[in-house]
Amino acid sequence: MLLIWNRPGFTEELTEQDRTALFGEVDEIMKELTETGELIGGQALTSPSQTLTVRLVGGHPEVLDGPFMESKEQFAGYLAVDCDTPQRAAEIAARWPDIRYGGAMEVRPIMDEAGTEM
């Protein structure tokens, strides 16, 4: 799983040319992963302002508005890929254009149903 972290709204700060280039790079990566059969799925997430977080407060679950932590970067989306090695997943993540604008990609294996990886 490639977890996409970036600063909400950073694309609005880009010039139209830079924004078009960024989305073009994403399209190229997605096309490549589709052609190689490595892409399982992925999705962008809505604004963190639409987030609800459930926490235990006073012994009872409570629904709170907003992300669960204060930080500049927020979880923005994910890609699920089927790669031969973790290094290949990291190679894909290193090409994700958001990282040039202060974002990050977290590469994390997906646990199988048995959960033996824990």
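Residues numbered from 1 in each chain as written. Predicted model: local features only at pLDDT ≥ 70, side-chain atom pairs only at ≥ 80, totals over all residues. Heavy atoms only, no water.

A. How the structure looks around helix H2 (residues 86-95). Taken residue by residue, H2 has Arg88, Ala89, Ile92 and Ala93 as its buried positions. End-on view of H2: buried residues confined to an arc of 140°, all on one side of the axis. In H2, those exposed residues whose orientation departs by more than 90 degrees from the buried face are Gln87 and Ala94. (Buried < 20%, exposed > 50% of the residue type's maximum accessible area, 1.4 Å probe, protein only. Helix = DSSP H or I, 4+ residues; strand = E, 2+ residues; numbered from the N terminus. Arc of directions from axis to C-beta.)

B. Quick look at the packing of aromatic side chains. Counted according to the given criterion, the structure contains two aromatic pairs. A ring pair is formed by Trp5 and Phe75, whose centres lie 5.6 Å apart and whose planes are at 45°; its orientation type is tilted. Taken as a pair, Trp5 in strand S1 (residues 2-6) and Phe75 in strand S5 (residues 74-81) lie far apart in primary sequence, 70 residues in all. Using a relative accessible area of 35% as the deciding quantity, one classes Phe75 as partly exposed. (Phe/Tyr/Trp six-rings, centres within 6.5 Å; stacked < 30°, edge-to-face > 60°.)

C. Region of the structure containing the pattern of salt bridges. Per the stated rule, a full pass over the model turns up nine salt bridges. Where Arg19 meets Glu16, a salt bridge forms, and the shortest distance between an N and an O atom there is 3.0 Å. One end of the pair, Arg19, and the other, Glu16, are both in helix H1 (residues 16-36), three residues apart, so they sit about a helical turn from each other. For the salt bridge of Glu106 with Arg108, the shortest nitrogen-to-oxygen distance reads 2.4 Å. The structure contains a network of salt bridges with shared partners spanning Glu32, Glu38, Arg88, Glu91 and Arg95. (Salt bridge = Lys/Arg side-chain N within 4 Å of Asp/Glu carboxyl O.)

D. Geometry of the packing of H1 against H2. At a minimum axis distance of 10 Å, the contact between H1 and H2 shows a crossing angle of 155°. Considering their axes alone, H1 and H2 lie roughly antiparallel with respect to each other. For the pair formed by H1 and H2, the contact residues are Glu25, Ile29, Glu32 and Leu33 on the first element and Arg88, Ile92 and Arg95 on the second. Per-class residue counts for the contact of H1 with H2 are three nonpolar, no polar and four charged. (Axes fitted to C-alpha atoms, helices over the stretch in contact; angles between N-to-C directions. Parallel < 35°, antiparallel > 145°, perpendicular 65-115°, else oblique. Contact = heavy atoms within 4.5 Å. Nonpolar A, V, L, I, M, F, W, Y, C, P; charged D, E, K, R; others polar.)

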